[in-house]
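Architecture and fold: a report
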Amino acid sequence: MRLSIADYYALYEGADAVTERFIWKVAPNEPEEILADRFSKSAYLNIVAKAIDTYMGYVFSNKPKISELAALDLESALWKSTFHSILGGNCLGMVLPEVKEPIVLPWTSVKTDGLGHNEYKVSCIVDGNQGTYHITKDKIILSGDNIKGNEWARNPDQVIEIHWNEKKLSLVRDLAPLAVKILNYDSIADTHAQHSIYYVTDGPELTGEQKKLIPYSHIPRQSNDVPGVSFKSPPTDAMDKVEAKLEKTILRAGKVVGLEREFATEYKVQSGYSQEMQMVSTNAITMMIASANVRAINRLSAAWTKLTKLEGGTIQLEPALTPQARTELLSQLKLGADTIKTDLAAKAFLKEIAKITLATAPKEDLQAVLDDLEKNGGLKSLGRPELSFN
């Protein structure tokens, strides 16, 4: 399923932004009014916003550090660039001498068609009025109704594209279609559950006094007055299958963006090794997002400093990666990654480590750790200093 960047923003916003254009027809001849009715009774599970907001929380888990005497509002610009780069895949950053904050514009407002390389036309709002930045190789021109026109010479790094990965891909590029799929599963499930009806999608189109079926007509199960028609109950597990598909799709969505644990619909006991490996991808994505956006905002600040001869300042981010307490354990477990393929193997490995490191501890203490490894995968014990490999 192909979705546009504008679709990503609509699926993030949810509510009225998610229209019936995201609802699939269950049959080619499904009437528009029935499709609209299905859509009106469906609920949108906003996993796109959950993914974006979760990573925004991880990236800004610690307050950014800004250099002293910074003249620019770098924190606000960094927040905007992070949000738009992970949701849209790309955004445009720009500094102007008169503006005390790097300007960040979503890619949905940027046009490049018919322009030269590294040239843009960007829709913007200036003092509440609609305007346009026309950015050429050597100029930045602002125009629009009720806007005082202005023109600046374009200098190196004054206008840059900001993206968290080299291919300029949205974090939700593979998640958004799953959000649409979940919406459609929900629509189908709700409609069948509420009406408890048959959906007739083919057959002769007969009208008049003959009480025959019309294509895509809704026939209540209790009706027995249609000549030549007998009703058979659908499989009793049909709704369960739809619900199971919904749950599996949600879990798949979490895996796509490295948030399997956050998207899990029920708690699963896992070994410390298994949880750590899940966190590797989450932390890697968090660091990629943070470092790319910090570099971009600092580049813009340096460009502004050259333009104005004032100190724009620098900004740093140090996300609180989770889990922090067991990074040393992970490095040790990686040494046996070729042989430790399952949670059972990891559990046995950790038991042996516990026996060595707790050899001088009371037997009750060692037994408690071994029981925890067996029953809970070591969730309570692996933070102990004796098991940290320090």
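Residues numbered from 1 in each chain as written. Predicted model: local features only at pLDDT ≥ 70, side-chain atom pairs only at ≥ 80, totals over all residues. Heavy atoms only, no water.

**Structural notes on the layout of surface pockets**
Estimates place the volume of the second largest pocket at around 250 Å³. Lining the second largest pocket are 15 residues, with Glu161, His163, Glu166, Ala292 and Arg295 positioned closest to its centre. Secondary-structure elements contributing two or more residues to the lining of the second largest pocket are β9 (159-162) and α8 (272-308). When residues of the lining of the second largest pocket are assigned to their parent elements, the largest contribution, six residues, is made by α8. Among the residues forming the lining of the second largest pocket, the class breakdown is seven nonpolar, four polar and four charged. (1 Å grid on protein atoms, 1.4 Å probe; cavity = no way out; pocket = protein on both sides within 12 Å on 5 of 7 lines; lining within 4 Å. Points joined across faces, edges and corners; volume = space filled by probe spheres on them. Helix = DSSP H or I, 4+ residues; strand = E, 2+ residues; numbered from the N terminus. Nonpolar A, V, L, I, M, F, W, Y, C, P; charged D, E, K, R; others polar.)

**Digging into the packing of helix α1 (residues 5-13) against helix α3 (residues 47-59)**
The N-to-C vectors of α1 and α3 enclose an angle of 90°; their axes lie 7 Å apart at closest approach. Relative to α3, α1 is oriented roughly perpendicular. Contacts between α1 and α3 involve Tyr8, Leu11 and Tyr12 from the first element and Val48, Ala49, Ile52 and Asp53 from the second. When grouped by side-chain class, the residues that make up the contact of α1 with α3 number six nonpolar, no polar and one charged. (Axes fitted to C-alpha atoms, helices over the stretch in contact; angles between N-to-C directions. Parallel < 35°, antiparallel > 145°, perpendicular 65-115°, else oblique. Contact = heavy atoms within 4.5 Å.)

**Structural notes on the pattern of salt bridges**
As enumerated under the stated definition, the model contains nine salt bridges in all. Between Lys63 and Glu75 there is a salt bridge, and its shortest N-O distance comes to 3.3 Å. Taken together, the residues span a long stretch of sequence, with Lys63 in the loop between α3 and β1 (65-66) and Glu75 in helix α4 (residues 74-88) at a distance of twelve residues. (Salt bridge = Lys/Arg side-chain N within 4 Å of Asp/Glu carboxyl O.)

**Some thoughts on the confidence of the model for the protein**
Averaged over all residues, the pLDDT of the protein equals 77, while 67% of them reach at least 70. Counted against residues more than four places away or in other chains, residues 195-207, with its pLDDT under 50, gives 38 contacts. Considering only residues more than four positions removed or in separate chains, one finds that residues 324-330, a stretch of pLDDT under 50, has 15 contacts. (pLDDT = per-residue confidence, 0-100.)

**Details of the packing of α3 against α4**
Packing of α3 against α4 brings their axes to within 11 Å, and their N-to-C directions diverge by 140°. Compared by their axis directions, α3 and α4 come out oblique. Once α3 is placed against α4, the crossing between them reads as right-handed. Within the contact between the two elements, α3 uses Val48, Ile52, Tyr55, Met56 and Val59 and α4 uses Trp79, Thr82, Phe83, Ile86 and Leu87. (Left-handed = near helix turned anticlockwise from the far one by under 90°.)

**Regarding the sheet that holds strand β8 (residues 150-153)**
Reading across the sheet, the five strands line up as β4-β5-β6-β7-β8 and stay open at both edges, with antiparallel pairing between neighbours. Of all the strands in the sheet, just β4 (110-111) and β8 have a single pairing partner and so form its edges. Bridge analysis of strand β7 (residues 139-143) against β8 gives four bridges, and the strand direction is antiparallel. Bridging from a neighbouring strand, Ile141 pairs with Glu151 of β8. (Pairing = 2+ DSSP bridges.)

**Overview of α3**
Taking 1.5 Å per residue as the helical rise, α3 with its 13 residues ought to reach 18 Å, and the 18 Å between its terminal C-alpha atoms agrees with that figure. Among the 13 residues of α3, ten are classified as buried, and the element is accordingly described as predominantly covered. Looking only at α3, the buried set comprises Ile47, Val48, Ala49, Ala51, Ile52, Thr54, Tyr55, Met56, Tyr58 and Val59. (Expected span 1.5 Å × (residues − 1). Buried < 20%, exposed > 50% of the residue type's maximum accessible area, 1.4 Å probe, protein only.)

**Some points on the side chain of Thr136**
Among the structural elements, Thr136 can be located in the loop between β6 (129-135) and β7. For Thr136, a relative accessible area of 15% puts it in the buried group. A polar side-chain atom of Thr136 sits 3.2 Å from a polar atom in the side chain of Asp138. When residues no more than four places from it in sequence are discounted, the contact partners of Thr136 are Glu119 and Arg154. (Polar contact = N/O pair within 3.5 Å; in protein donor to acceptor, adjacent residues only side chain to side chain.)

**Overview of the environment of Val110**
Mapping Val110 onto the fold places it in strand β4. Considered as a pair, Val110 and Val122 are twelve residues apart in the sequence and their alpha carbons are 4.5 Å apart.

**Considering the packing of aromatic side chains**
Geometrically, a pair of aromatic rings is defined through the distance of the ring centres and the angle of the planes. What the rule picks out here adds up to five aromatic pairs. Ring geometry for Tyr55 versus Tyr58: centroids 6.1 Å apart, planes at 90°, classification edge-to-face. Of this pair, Tyr55 and Tyr58 both sit in helix α3, separated by three residues, roughly a single helical turn. With respect to burial, Tyr55 and Tyr58 carry one shared label: buried. Here Trp107 and Tyr120 contribute two aromatic rings whose centre-to-centre distance is 6.2 Å and whose plane-to-plane angle is 80°, an arrangement assigned as edge-to-face. (Phe/Tyr/Trp six-rings, centres within 6.5 Å; stacked < 30°, edge-to-face > 60°.)

**Some remarks on the sheet that holds strand β3 (residues 103-106)**
Strand order in the open sheet formed by three strands is β3-β2-β9, with antiparallel pairing between adjacent strands. Every other strand in the sheet has two partners, leaving β3 and β9 as the edge strands with one partner each. Along the sheet, successive strands turn relative to each other by an average axial angle of 25°, direction set aside. As defined by bridge partners, strand β2 (residues 91-94) adjoins β3 across four bridges and the pair is classed as antiparallel.

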